[in-house]
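If you want the building blocks of each chain, they are given just below.
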Amino acid sequence: DKMIASHPCPERDRVIAMIVSRILEPQPKLALSRSLNPETQTSSLSNLLELNDIDENDLYSAMDWLFPRQESIEKKLAKKHLQDGVMVLYDLTSTYFEGRNCPLAQFGYSRDGKKDKLQIVFGLLCTLEGLPIAVEVFQGNTSDSKTLTSQINKVRKTFGIDRVIFVGDRGMITQTRIQED
């Protein structure tokens, strides 16, 4: 919790509740807000975190509050779990959209088989044990290999690690990309 915010605050507690829920019982924000509400709670989580009457908008607001802290949290995770010469795992996936309001949503290679839908691509950088360290969202038409350079730069410049071994699939780590980076 201290990596999210050094001092307790309602937003931090809501983020913690979302993390715990994602691990124990994944559910949409509306269902989670109902399970935390005193009249309809389904666990002791809201009591433990001292969450009062909250709704799904409070959870979305907490996510908005969290976004500017992403780089700081990632640096703290990297400092704790990565060191020079480390092996990291990196992979990508995508998700499609039904709407048209996301500025990153583009037509691209659809892993979901939804070629007629806009999508975003996101990459996850993990320790060898699978602990997530960083996530980045890319435009939906970004090819896998084009994301690698930003991840190498993140590890080197943002996390201060000079020597790293990237593990990814052959569609991402191409010979051309290796020679460039």
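Use the structure listed above.
Here is a short report on the structure shown in this document. (Residues numbered from 1 in each chain as written. Predicted model: local features only at pLDDT ≥ 70, side-chain atom pairs only at ≥ 80, totals over all residues. Heavy atoms only, no water.)

We now examine the environment of Met 172. Inspection of the secondary structure assignment puts Met 172 in the loop between β4 (164–167) and α7 (175–180). Judged by relative accessible area, Met 172 falls into the buried class, the value being 0%. As for Met 172 and Tyr 90, which are separated by 82 residues in sequence, their C-alpha atoms are 9.1 Å apart. (Helix = DSSP H or I, 4+ residues; strand = E, 2+ residues; numbered from the N terminus. Buried < 20%, exposed > 50% of the residue type's maximum accessible area, 1.4 Å probe, protein only.)

Taken across its nine residues, strand β2 (residues 119–127) has seven buried, putting it largely inside the fold. Two strands pair when backbone bridges link them, and strand β1 (residues 86–96) and β2 are joined in this way by nine bridges, in the antiparallel orientation. The residue of β2 that forms the bridge with Tyr 90 is Leu 125. As judged from the seven bridges shared by β2 and strand β3 (residues 132–139), these two strands associate in the antiparallel manner. Counted as the bridge partner of Ile 120 is Gln 139 from β3. If you look at the hairpin formed by β2 and β3, you'll find four residues sitting between the two strands, and Gly 130 has a positive phi there, around 95 degrees. (Pairing = 2+ DSSP bridges.)

Between helix α2 (residues 29–36) and helix α4 (residues 56–66), the least distance of the axes is 8 Å, while the angle of their chain directions is 115 degrees. Between α2 and α4, the angle is such that the two are roughly perpendicular. Taken as a pair, α2 and α4 cross one another with a handedness that is right-handed. Between α2, through Lys 29, Leu 30, Leu 32 and Ser 33, and α4, the contact on the second element is made entirely by Glu 56, Leu 59, Tyr 60 and Met 63. Considering only residue class, the contact of α2 with α4 consists of five nonpolar, one polar and two charged. (Axes fitted to C-alpha atoms, helices over the stretch in contact; angles between N-to-C directions. Parallel < 35°, antiparallel > 145°, perpendicular 65-115°, else oblique. Left-handed = near helix turned anticlockwise from the far one by under 90°. Contact = heavy atoms within 4.5 Å. Nonpolar A, V, L, I, M, F, W, Y, C, P; charged D, E, K, R; others polar.)

Right, let's talk about the sheet that holds β4 for a bit. The strand order across the open sheet formed by four strands is β3-β2-β1-β4, and the pairing between neighbours is mixed. Each edge of the open sheet carries a strand with a single partner, namely β3 and β4. Each neighbouring strand pair of the sheet contributes to a mean axis angle of 25 degrees, computed without reference to strand direction. Running at roughly 140 degrees to β3, helix α5 (residues 70–81) makes contact with β2 and β3 of the sheet. Where helix α6 (residues 144–158) meets the sheet, its contacts fall on β1, β2, β3 and β4, and the angle it forms with β3 comes to roughly 135 degrees.

Ranked by internal contacts, the top residues of the largest apolar core, which has 36 residues, are Leu 36, Leu 82, Tyr 90, Leu 125, Ile 133, Phe 159 and Phe 166. Of all elements in the fold, only α1 (10–24), α2, α4, α5, β1, β2, β3 and α6 reach the threshold of two or more residues within this core. The residues contacting Phe 159, other than those within four sequence positions of it, are Glu 74, Lys 75, Ala 78, Leu 82, Leu 125, Ile 133, Ala 134 and Lys 154. (Core = buried A, V, L, I, M, F, W, Y, C linked by side-chain atoms within 4.5 Å.)

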